[in-house]
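The chain contents come next:
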Amino acid sequence: MRVAAGALAAAAVLTGPPAFAAAETGRPAGPRDTVQRHLDRLVSEDGFPGVLASVRGADGRVRDYTAGPVPRDGQVRIGSNTKTFTAVVVLQLVGEGRIDLDATVEHYLPGVVRGNGNDGRTITVRQLLQQTSGLPDYDDVLFTKPQDLVDKSHSYYQPRRLVDAALTNAPHFTPGAKWEYSNTNYVLAGLIVEQVTERPIGEEITNRVIRPLGLRDTYWPGVGEQRLRGTHPRGYVAVAPGAEWVDVTEMDPSLGWAAGQLVSTPDELRTFFEALVGGRLLKPAQQAAMMTTVPAPGFEPTGEYAYGLGIARHELPCGGDAWGHGGDIQGFETRNLVTRDGRSAVVAVTALPTGEQMLADVNESVETALCATEH
């Protein structure tokens, strides 16, 4: 999931001295390099409770960072990065001839997308993955005020309930006419996977992506599972600017489902995106389809982004481009980018941001990690 407009303004600031740590694979590293300083400022100036990061430089060395009282490379909820995993599964099924990107939603889910002008007969699978369907976002229906982030953190949502909530609103535009982010698209993509495979989407993600890559700390939470399984930081939200943080570490992630349910670590999330951008998860035709982009205005508050099929391309301030997604869910926000020349970075903060500047600073920290390790 991504932060809704009302929720973004609802986060608050936790004051306190930052704690510093850094570790580099193979040898110790000093904690006060350029990347560390940017992460420290996310705590000391922006007020995030904590930060975890994993960075691979152009030389291939991996360094894990922390700022604030958090474990190194702990488990976090990765929110909308789940969409990229879901897109990979859909595209693998396309490569197997079991899904057609240009078939309609109606073809796979008869009668599911109907009402208030929404019509699955006019929307393709490609448009779901590309975020060009025009379908409204169920977030805007289920989460209408900041307090909902706390009050509904233990609520369980079945996927069809999420879709039905979205369909109480009219479509935002004719399918294919423009780009607009909607979690509803990826819940429908997950339902299509289940219809085609006759297996749960979480199982398909596990068997097709998580296990082949050896991601031991990445998992799909089971129905009703609210606790994080491994070593992890606490996650927080706040209901008004300046309010105290509310601990929402234990929460039901079903509100994200195929759009935002997964748990991972910065290191393993970075490994996943490296494998994907490196062509290890998809056949060439599906890889090309995934990375064919359209302009994505508003995907982030600053910078230029274009959106493919579950992955976004970003122009780096130091030149060249990088690929990633990012995700927000109660308690955690992650941002990540991978370049084709082997650099990669994942930054996870342990609270939703207060406003756009905090979000922009998280994005800048990822850019800094890539640009500082360019040589």
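The structure we're discussing is the one just above.
First, a word on scope: everything that follows refers to the structure included in this document. (Residues numbered from 1 in each chain as written. Predicted model: local features only at pLDDT ≥ 70, side-chain atom pairs only at ≥ 80, totals over all residues. Heavy atoms only, no water.)

## What about the environment of E45?
Right, so step 1: Position of E45 among the secondary structure elements: in the loop between α2 (34–44) and β2 (51–56).
Right, so step 2: Residue E45 is classed as exposed on the basis of its relative accessible area of 60%.
Right, so step 3: Note: C-alpha distance between E45 and G120 (75 residues apart in sequence) is 46 Å. (Helix = DSSP H or I, 4+ residues; strand = E, 2+ residues; numbered from the N terminus. Buried < 20%, exposed > 50% of the residue type's maximum accessible area, 1.4 Å probe, protein only.)

## As for the nonpolar core
Right, so step 1: Judged by nonpolar contacts, the single largest core of 89 residues is most densely connected at F85, I99, L188, F272 and M290.
Right, so step 2: Ignoring anything within four residues of it in the chain, the contact list for F272 reads T84, F85, V88, V209, L213, L215 and L281.
Right, so step 3: Formed by 25 residues, the second largest nonpolar core is a distinct cluster that contains V35, V51, A67 and A351. (Core = buried A, V, L, I, M, F, W, Y, C linked by side-chain atoms within 4.5 Å. Contact = heavy atoms within 4.5 Å.)

## Notes on the side chain of D328
Right, so step 1: Mapped onto the elements of the fold, D328 is located in strand β14 (residues 327–329).
Right, so step 2: Overall, the relative accessible area of 2% leaves D328 in the buried class.
Right, so step 3: A distance of 2.8 Å separates polar atoms of two side chains, one belonging to D328 and the other to R335. (Polar contact = N/O pair within 3.5 Å; in protein donor to acceptor, adjacent residues only side chain to side chain.)

## A look at the state of the cysteines
Right, so step 1: In the structure shown here, the tally under the stated rule is one disulfide.
Right, so step 2: Two residues, C318 and C371, share a disulfide whose sulfurs are 2.1 Å apart. An S-S torsion of about -80° defines the bridge between C318 and C371 as left-handed. Here C318, found in the loop between β12 (312–315) and β13 (321–324), pairs with C371, found in helix α13 (residues 356–372); they are 53 residues apart in sequence, far enough to count as distant.
Right, so step 3: Overall, C318 belongs to the partly exposed group, its relative accessible area being 28%. (Disulfide = S-S within 2.5 Å.)

## Topic: the packing of helix α3 (residues 81–95) against helix α9 (residues 183–197)
A packed helix pair is summarised by two numbers, namely the angle formed by the two axes and the spacing between the axes.
Right, so step 1: Where α3 meets α9, the closest approach of the two axes is 10 Å, and the angle between their N-to-C directions is 40°. Considering the angle they form, α3 stands oblique to α9. The handedness of the crossing between α3 and α9 is left-handed. Listed contacts from α9 to K83, T86, A87, V89, V90 and L93 of α3 are N183, Y186, A189, G190, V193 and T197.
Right, so step 2: Partitioning the contact of α3 with α9 into residue classes produces seven nonpolar, four polar and one charged. (Axes fitted to C-alpha atoms, helices over the stretch in contact; angles between N-to-C directions. Parallel < 35°, antiparallel > 145°, perpendicular 65-115°, else oblique. Left-handed = near helix turned anticlockwise from the far one by under 90°. Nonpolar A, V, L, I, M, F, W, Y, C, P; charged D, E, K, R; others polar.)

## Description of the packing of aromatic side chains
Right, so step 1: Applying the stated rule across the entire model yields ten aromatic pairs.
Right, so step 2: Between F85 and F272, the ring centres sit 3.7 Å apart and the planes meet at 15°, which makes this aromatic pair stacked. In this pair, F85 sits in helix α3 while F272 sits in helix α11 (residues 266–277), placing the two residues 187 residues apart along the sequence.
Right, so step 3: Considering the side-chain rings of Y181 and F299, the 6.2 Å spacing of their centres and the 50° angle between planes classify their relative orientation as tilted. Here the residue Y181 occupies a position in the loop between α8 (159–166) and α9, and F299 occupies one in the loop between β10 (294–295) and β11 (305–307), the gap between them amounting to 118 residues.
Right, so step 4: On the basis of relative accessible area, Y181 is assigned to the buried category, the value being 15%.
Right, so step 5: The positively charged end of K152 is found above the aromatic ring belonging to F143, 5.7 Å away from the centroid. (Phe/Tyr/Trp six-rings, centres within 6.5 Å; stacked < 30°, edge-to-face > 60°. Lys NZ or Arg CZ within 6 Å of the ring centre and 35° of its normal.)

## Concerning the environment of L309
Right, so step 1: Positionally, L309 belongs in the loop between β11 and β12.
Right, so step 2: On the basis of relative accessibility, which here comes to 1%, the residue L309 falls in the buried class.
Right, so step 3: Along the backbone, L309 and E333 are 24 residues apart, and their C-alpha atoms lie at a distance of 21 Å.

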